[in-house]
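# A structural walkthrough
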Amino acid sequence: MRETLPFVLAFLVGVLAGAVFFGGLWWTIRRALPSNLAGIWFTGSFLVRTAIALGAFYVVGQGDWRRLVCSVAGFLVARLLVVRLTRTIPMEAPLECS
């Protein structure tokens, strides 16, 4: 059990980092598209989300490639979960192309 605990924790941190990253992307898209400052929204969001994810990978990895692999696997699992959960939520208003 002691040998697997760091890897399970790394996986869970990866899931959390992925939920923040991809949930933040979903939130940014919903806020930025109707805004006049979409470029600033997307750029700022990308920098913050990437810093959080890379920081989590750095802290969790601690120089061990196996922990890093577990956290990236959790990150990818979170992507699948966020895509599945956000696919069912409708937008407030349909987008109009002019």
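Quick look at the structure, then. These numbers were taken from a predicted model, which means no experiment stands behind them.

Here the focus is the overall build of the protein. A count of helical and extended segments in the protein gives three helices and zero strands. Mapped from its N terminus to its C terminus, the protein presents α and β elements in the order α-α-α. Counting the 98 residues in the protein, one finds 27% classified as buried. In the protein, once contacts between residues fewer than 6 apart in sequence are set aside, the share between residues at least 24 apart is 71%. Accessible area for the protein stands at about 7200 Å²; split by element, carbon and sulfur atoms hold 72% of it.

Our focus in this paragraph is the nonpolar core. With eight residues, the main nonpolar core is built from Ala 17, Phe 21, Phe 22, Ala 53, Ala 56, Phe 57, Phe 75 and Val 82. Among the elements of the structure, α1 (5–32), α2 (38–61) and α3 (65–87) are those that each provide at least two residues to this core. Apart from the residues within four sequence positions on either side, Phe 21 is in contact with Arg 49, Thr 50, Ala 53 and Phe 75.

Now for a nonpolar patch on the surface. Taken together, Met 1, Leu 5, Val 8, Leu 9 and Leu 12 make up a surface patch of nonpolar side chains, about 510 Å² in accessible area. For Leu 9, a relative accessible area of 45% corresponds to the partly exposed category.

The subject of this paragraph is α3. Between its first and last C-alpha atoms α3 spans 33 Å; for 23 residues at 1.5 Å apiece the expected length is 33 Å, and the two agree. Restricting attention to buried positions, one finds in α3 the residues Arg 67, Ser 71, Gly 74, Phe 75, Ala 78, Val 82 and Thr 86. The elements touched by buried residues of α3 are α1 and α2.

Time to look at the pattern of salt bridges. The final tally for this structure, using the stated rule, is one salt bridge. Arg 66 is the salt-bridge partner of Asp 64, the closest N and O atoms lying 3.3 Å from each other. You can call Arg 66 partly exposed: its relative accessible area is 42%.

The next thing to look at is the packing of aromatic side chains. All told, the structure shown has five aromatic pairs when counted by the stated rule. When the ring of Phe 22 is compared with that of Phe 75, the centres are 5.1 Å apart and the planes differ by 50°; the resulting orientation is tilted. Here the residue Phe 22 occupies a position in helix α1, and Phe 75 occupies one in helix α3, the gap between them amounting to 53 residues. For the residue pair Phe 22 and Phe 75, the accessibility class agrees, reading buried in each case. Three or more aromatic residues link up through ring pairs in this structure, and these residues are Phe 21, Phe 22, Phe 57 and Phe 75. Here the guanidinium or amino end of Arg 49 rests over the ring plane of Phe 21, the centre of that ring lying 4.5 Å away.

Calculation rules
Residues numbered from 1 in each chain as written. Predicted model: local features only at pLDDT ≥ 70, side-chain atom pairs only at ≥ 80, totals over all residues. Heavy atoms only, no water. Helix = DSSP H or I, 4+ residues; strand = E, 2+ residues; numbered from the N terminus. Buried < 20%, exposed > 50% of the residue type's maximum accessible area, 1.4 Å probe, protein only. Contact = heavy atoms within 4.5 Å. Areas by Shrake-Rupley, 256 points an atom, 1.4 Å probe, with all protein chains shown as cover. Core = buried A, V, L, I, M, F, W, Y, C linked by side-chain atoms within 4.5 Å. Patch = residues over 30% accessible without salt bridge, like charges linked within 9 Å, V, L, I, M, F, W, Y side chains within 5 Å. Salt bridge = Lys/Arg side-chain N within 4 Å of Asp/Glu carboxyl O. Expected span 1.5 Å × (residues − 1). Phe/Tyr/Trp six-rings, centres within 6.5 Å; stacked < 30°, edge-to-face > 60°. Lys NZ or Arg CZ within 6 Å of the ring centre and 35° of its normal.

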